Amino acid sequence: MYTQTELKAHVAQAAVEFVLPQLRTDSILGVGTGSTVDLFIDALAAHKGAFKGAVSSSERSTRRMRDLGITVYDLNDVESLLWYVDGADELDPSLAMTKGGGGALTREKIVASVAKNFLCIADASKEVAVLGAFPLPVEVIPMARAAVARQLAALGGNPVLRADFITDNGCQILDVHGLQIQDPKALEQRINNIPGVVCCGLFALSGASIALIASQEGVQRRELSDS
């Protein structure tokens, strides 16, 4: 019986084996944030000579990659990425995701938007039929926190300020509990249009291209054609 940490390590290694053959020595890879991505970075470092470097979605991932000798580029200096690799807090059958448990949702969404493909890596506990059991993170400009919270409550959620947490962008996060997200794309648009919202943690308008999911039976690949 594998532990969750072992499952994360398995999928991290599988992700390296998946993306590496597609990279060239001039390729730059988009890299996300989180405990599974930490293990992906560790596994990727052994092959750092096979690609040019990476764009990072957080200060945390940037530090880890630089400590391991992976060159990290500013996104402003990169026109496109072939792959963006990141985890998820929840993943539904359409490969829509809830992300942001680590607080890096806005930068994750920005880096993902530049990539041609999004590879989601997760363990099987993250797969759900309907998003919403994991509280939806919403990054907000501090002066708008109360105003945004009222609108999120009107949508049926219970927004709770993430205590003692400031994002890499200097903003705050409201974690919205109690949602059953039947239409992730529509809700993503609606929340992102609330004045004062920097970004919400729904990745549905541009979800994952492919997901690698680690379970006790091994690492399985999910694609939209499977749903």
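To be clear, the structure that these remarks concern was listed above.
Residues numbered from 1 in each chain as written. Predicted model: local features only at pLDDT ≥ 70, side-chain atom pairs only at ≥ 80, totals over all residues. Heavy atoms only, no water.

Right, let's get into the packing of aromatic side chains. Tallied over the entire structure, the rule returns three aromatic pairs. Residues Tyr84 and Phe118 carry aromatic rings whose centres are separated by 5.0 Å and whose planes lie at 85° to one another, so their mutual orientation is edge-to-face. Here the residue Tyr84 occupies a position in strand E4 (residues 81-86), and Phe118 occupies one in strand E7 (residues 115-123), the gap between them amounting to 34 residues. Given a relative accessible area of 0%, Tyr84 falls into the buried group. Above the face of the Phe203 ring, Lys99 is positioned so that its terminal group lies 5.5 Å from the ring centre. Geometry around Phe203 places Lys109 over its ring, the cationic atom sitting 4.8 Å from the centre. (Phe/Tyr/Trp six-rings, centres within 6.5 Å; stacked < 30°, edge-to-face > 60°. Helix = DSSP H or I, 4+ residues; strand = E, 2+ residues; numbered from the N terminus. Buried < 20%, exposed > 50% of the residue type's maximum accessible area, 1.4 Å probe, protein only. Lys NZ or Arg CZ within 6 Å of the ring centre and 35° of its normal.)

Computed from the structure, the largest pocket encloses a volume of approximately 290 Å³. Ser56, Tyr73, Asp74, Leu75 and Arg107 are the residues nearest the centre of the largest pocket, which is lined by 15 residues in total. Listing elements by their share of the lining of the largest pocket, those giving two or more residues are strand E2 (53-56), helix H3 (59-67), strand E3 (72-73) and helix H4 (105-114). Within the lining of the largest pocket, the residues separate by chemical class into six nonpolar, five polar and four charged. (1 Å grid on protein atoms, 1.4 Å probe; cavity = no way out; pocket = protein on both sides within 12 Å on 5 of 7 lines; lining within 4 Å. Points joined across faces, edges and corners; volume = space filled by probe spheres on them. Nonpolar A, V, L, I, M, F, W, Y, C, P; charged D, E, K, R; others polar.)

For the rest of this paragraph, the subject is unusual backbone geometry. In this structure, Leu95 takes a positive phi of about 65° despite not being glycine. Mapped onto the elements, Leu95 comes out in the loop between strand E5 (90-91) and strand E6 (97-98). Among the residues examined, Leu95 registers a relative accessible area of 2% and is labelled buried.

Attention now moves to empty space enclosed by the protein. Counted according to the given criterion, the structure contains one cavity of 30 Å³ or more. The volume enclosed by the largest cavity comes to roughly 40 Å³. In terms of lining residues, the largest cavity is bounded by Ser57, Gly103, Ala104, Leu105, Thr106, Arg107, Glu139, Thr167, Asp168 and Asn169. Residues belonging to the lining of the largest cavity are distributed by class as follows: two nonpolar, five polar and three charged.

Take the pattern of salt bridges next. Summed over all chains, the structure comprises 11 salt bridges. Across the pair Asp38 and Arg60 runs a salt bridge whose closest N-O atoms are separated by 2.6 Å. You can see Asp38 sitting in helix H2 (residues 35-44) and its partner Arg60 sitting in helix H3, a full 22 residues away along the chain. Look at Asp38 and you get buried, because its relative accessible area is 10%. Note on Arg60: relative accessible area 37%, which makes it partly exposed. Residue Lys99 is joined to Glu108 by a salt bridge in which the shortest nitrogen-to-oxygen separation is 3.4 Å. (Salt bridge = Lys/Arg side-chain N within 4 Å of Asp/Glu carboxyl O.)

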